[in-house]
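Observations on the three-dimensional arrangement
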Amino acid sequence: MHMPCFNPQYWNKKSIKHHSELGDVLFESLFEQGDLPPSLFDHEAHLRLAWLYLKKYGEKKAVDKACNEIRQFDKLHGKGDKFNTTLTVAAVKTVHHFMQKSDSTDFGAFIKEFPGLKFAFRALLDQHYGIDIFSSEEARVSYIEPDVLPFE
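Keep in mind that this is a model prediction, so the values were computed, not measured. Here the residue numbers are simple positions, counted from 1 along each chain's written sequence. Since the coordinates come from a predicted model, pLDDT governs what is reported: local features require at least 70, and pairs of side-chain atoms require 80 or more to be given and counted, while whole-chain, interface and lining totals use all residues. Neither water nor hydrogens contribute to the side-chain values; these are computed over all heavy atoms in the structure.

A short note on the pattern of salt bridges
By salt bridge we mean one thing: a side-chain nitrogen of Lys or Arg within 4 Å of a carboxyl oxygen of Asp or Glu. Taken as a whole, this structure holds ten salt bridges when the rule is applied. When the shortest N-O distance is used, the salt bridge between Glu-32 and Lys-65 registers 3.4 Å. Taken together, the residues Glu-32 in helix H1 (residues 24-33) and Lys-65 in helix H3 (residues 59-77) connect sequence positions 33 residues apart. Given the relative accessible area of 17%, Glu-32 is considered buried. In this text, helices come from DSSP runs of H or I with a minimum length of four residues, and strands from runs of E with a minimum of two, each type numbered from the N-terminal end. The classification of residues rests on relative accessible area computed with a 1.4 Å probe and restricted to protein chains. Under 20% of the type maximum is buried, over 50% is exposed, and intermediate values are partly exposed.

Overview of H3
A helix is expected to span 1.5 Å for every residue after the first. Over its 19 residues, H3 runs 26 Å from end to end, which matches the ideal 27 Å to within 8%, given 1.5 Å per residue. Taken as a whole, H3 has its buried residues at Ala-62, Val-63, Lys-65, Ala-66, Cys-67, Glu-69, Ile-70, Phe-73 and Asp-74. It only takes one pair of heavy atoms within 4.5 Å for two residues to be counted as in contact. Where H3 is buried, its residues contact H1, helix H2 (43-57) and helix H4 (85-99).

Re the packing of aromatic side chains
Pairing of aromatic rings covers Phe, Tyr and Trp, the last through its six-membered ring, and needs centres within 6.5 Å; plane angles under 30 degrees mean stacked, over 60 mean edge-to-face, and all others mean tilted. If you walk through the whole model with that rule in mind, you get ten aromatic pairs. Between Phe-41 and Phe-73 the ring centres are 5.2 Å apart and the planes differ by 55°, which places this aromatic pair in the tilted class. Linking Phe-41 in the loop between H1 and H2 with Phe-73 in helix H3, this pair joins segments that are 32 residues apart in sequence. Residue classification places Phe-73 among the buried residues on the basis of a relative accessible area of 7%. Where Trp-51 meets Phe-107, the ring centres are 6.1 Å apart and the plane angle is 65°; that geometry is what we call edge-to-face. Residue Trp-51 is located in helix H2, and its partner Phe-107 is located in helix H5 (residues 107-113); the two are separated by 56 residues in the primary sequence. Each member of the pair Trp-51 and Phe-107 is classed as buried. An aromatic cluster is present here, built from Trp-51, Phe-98, Phe-107, Phe-110 and Phe-114 joined pairwise through their rings. The lysine or arginine in question, Arg-48, covers the ring of Phe-27, its NZ or CZ lying 4.3 Å from the ring centre. We count a charge as sitting over a ring when the NZ of a lysine or the CZ of an arginine lies within 6 Å of the ring centre and within 35 degrees of the ring normal.

Focus: the packing of H1 against H3
One can describe the packing of H1 onto H3 by two numbers: an axis separation of 8 Å at closest approach and a directional angle of 60°. Relative to H3, the element H1 is oriented oblique. On the side of H1, the interface is formed by Phe-31, Glu-32 and Gln-33, while H3 contributes Lys-65, Glu-69, Ile-70, Phe-73 and Leu-76. We call Asp, Glu, Lys and Arg charged. Ala, Val, Leu, Ile, Met, Phe, Trp, Tyr, Cys and Pro are nonpolar, and the rest, Gly among them, are polar. Here the residues of the contact of H1 with H3 sort into four nonpolar, one polar and three charged. Fitted lines through C-alpha atoms give the axes, limited to the stretch in contact for helices. The angle between two N-to-C directions lies from 0 to 180 degrees. Under this scheme an angle from 65 to 115 degrees is roughly perpendicular, one under 35 degrees roughly parallel, and one over 145 degrees roughly antiparallel; angles in between are oblique.

With respect to the packing of H2 against H4
At a minimum axis separation of 9 Å, H2 and H4 run at an interaxial angle of 65°. The interaxial crossing formed by H2 with H4 has right-handed handedness. Along its contact with H2, which presents Leu-47, Ala-50, Trp-51, Leu-54 and Lys-55, the element H4 presents Val-92, Val-95, His-96 and Met-99. Crossing handedness is read from the near helix: turned anticlockwise from the far helix by less than a right angle, it gives a left-handed crossing, and turned clockwise, a right-handed one.

Here we look at the environment of Leu-36
Positionally, Leu-36 belongs in the loop between H1 and H2. The exposure class assigned to Leu-36 is buried, which follows from its relative accessible area of 0%. For the pair Leu-36 and Ile-144, spaced 108 residues apart in the sequence, the C-alpha separation amounts to 29 Å. Once residues within four sequence positions are removed from consideration, Leu-36 is found in contact with Leu-22, Phe-27, Leu-30, Phe-31, Phe-41, Phe-73 and His-77.

Okay, here's the thing in structure tokens:
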């Protein structure tokens, strides 16, 4: 656990209604410390975390870091049974694919440029998987390579 990079007296969890109200550094810091309210960590916030990690670390390390951090967040804020390895890896790889086609310098612009990531994510993944990775126990505990269309 690292020291927060913000003044806690200005952080009011109840006043924040959406992750986009937080700057990137604060969002990442609160998430990694487990201080981000789970209600703010929706699908778009998952994509944002992938985008931030890809910007900072590149694909391989972003995949590893996203898996580790989201798994820890799930354990901290629940039973640890919601984390899905395949879904997390696939999300980072999908965000990476679209980042390579983008000139956006911030996540807000990126998600507006590629709204399918937010609104048609399952359909995007269905292009790669013939199995339902959202409900597969095997996909939850370990990464399953795409069986229809590879990410690369």
